[in-house]
Amino acid sequence: MDLGIQIEPQLGFAYDDIVAIGRAGEQAGFTRLWLSDHLFVNPDAVRTDCLEAWTALAALARDLVTIRIGTMVTCQSYRNPALLAKIAAGVDHLSGGRLEFGIGAGWKEAEYRAYGYEFPAPAVRVDELVDTIEICTRMWTDEKASYAGKRYRITDALCAPKPVQAPLPIWIGGSKPRIFRIAAMYAHWVNHTAGDMTPDGVRVRQEALDIACRDRKRDPRTLKRSAFLSLVVGATARDVDALVADAARQAKLTPDQWRAARPSAIVGTPAEAIRRLREYAKIGIDHVNALFPYTHEREVVDLLGRETLGALA
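Residues numbered from 1 in each chain as written. Predicted model: local features only at pLDDT ≥ 70, side-chain atom pairs only at ≥ 80, totals over all residues. Heavy atoms only, no water.

Caption draft 1: How the structure looks around helix α8 (residues 237-250). For α8, spanning 14 residues, the distance from its first C-alpha to its last is 20 Å, which sits close to the expected 20 Å at 1.5 Å a residue. Within the span of α8, buried status applies to Val240, Leu243, Val244, Asp246, Ala247 and Ala248. Contact partners of the buried residues in α8: β10 (224-233), α9 (255-260), β11 (266-268) and α11 (297-307). (Helix = DSSP H or I, 4+ residues; strand = E, 2+ residues; numbered from the N terminus. Expected span 1.5 Å × (residues − 1). Buried < 20%, exposed > 50% of the residue type's maximum accessible area, 1.4 Å probe, protein only. Contact = heavy atoms within 4.5 Å.)

Structure representation (structure tokens):
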């Protein structure tokens, strides 16, 4: 198992802070730096910065050197699919072949409404996801790509240069049965992101993914698995309590309420984190994209690099 760093730009990250966290991750041995794809954190956050994900990735492609970068996950609705394919190919070039292409159906209705996007029913958004993946994969491989789907179409679309990577790794995030069937058809990775994220809850979805693969005559072992987990790790129990207290304060909760609301969060010392992470490794999780306490990312990244990552390799 390896670990990545999940950054939520809508919380107010400055670009220089993201670069600093990414560089700390490179030094510590994290394999990936992920950005979520949102437009704002909530409708009243008028003074909270939110960098657009692909703009930031293009800059990170040049400012970071070894760590892989990607979206966890791109909302397929926010960009024309052909343009998204072109953007992703360009970022893969800018990064020297370090892009991970994470994509999902989209869910945050407030963003759709504010930006004037249609917000169709979930089944329709999933249809759009399929069309987007078809368009992207064709544009990354065909000289001239054409496709007519349920929602999107292209005709003789050009994409040059092609991505450096062939294939460009596709990650699909979600937890519903149809998403698993789509992942079994198209994805290299699935990221478990919602619902019961305890090991028992993830195990059930792992079994559903295996069934989806076998239904499509695919070896389940060829579909890698990831989990989105909150990690609150401190050198001592006192440090852990301080991190929890700060996170609870930001969420306007008591520490006990914060803990109770996050049963799958890995909260503890490095030794406790190793024990909990190994539970996920045992059920076939290959990667954890870890969300750290906001404003404390670098200290937790440094600590895990010194005392945890080596034990998980």
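Caption draft 2: Seen up close, unusual backbone geometry. Residues Met72 and Val73 are joined by a peptide bond in cis, for which omega reads -10°. Position of Val73 among the secondary structure elements: in the loop between β3 (68-71) and β4 (74-75). Cis rather than trans, the peptide bond between Ala160 and Pro161 has omega equal to 5°. Unlike most non-glycine residues, Asp156 shows phi in positive territory, near 50°. One non-glycine residue with positive phi stands out, namely Lys217, at about 60°. Structurally, Lys217 can be placed in the loop between α7 (199-215) and β10. Judged by its relative accessible area of 78%, Lys217 is exposed.

Caption draft 3: Quick look at the state of the cysteines. Taken as a whole and judged by the stated rule, the model has zero disulfides. Between Cys75, a free cysteine, and Cys50, which holds the nearest cysteine sulfur, the sulfur-to-sulfur gap is 13 Å. Judged by relative accessible area, Cys75 falls into the buried class, the value being 6%. (Disulfide = S-S within 2.5 Å.)

Caption draft 4: Region of interest: the packing of helix α1 (residues 15-28) against helix α2 (residues 53-63). The N-to-C vectors of α1 and α2 enclose an angle of 45°; their axes lie 11 Å apart at closest approach. By the angle between their directions, the pair α1 and α2 is classed as oblique. For α1 against α2, the interelement crossing comes out right-handed. Facing Tyr15, Ile18, Val19 and Arg23 of α1, the residues of α2 in contact are Ala56, Ala59, Leu60 and Asp63. Split by residue class, the contact of α1 with α2 holds six nonpolar, no polar and two charged. (Axes fitted to C-alpha atoms, helices over the stretch in contact; angles between N-to-C directions. Parallel < 35°, antiparallel > 145°, perpendicular 65-115°, else oblique. Left-handed = near helix turned anticlockwise from the far one by under 90°. Nonpolar A, V, L, I, M, F, W, Y, C, P; charged D, E, K, R; others polar.)

Caption draft 5: Inspection of the side chain of His192 at higher detail. In this structure, His192 sits in strand β9 (residues 189-192). For His192, the contacting residues outside a window of four places in its chain are Gly174, Phe180, Met197, Val202, Arg205, Gln206, Leu209, Ser226, Ala227, Phe228 and Ile285.

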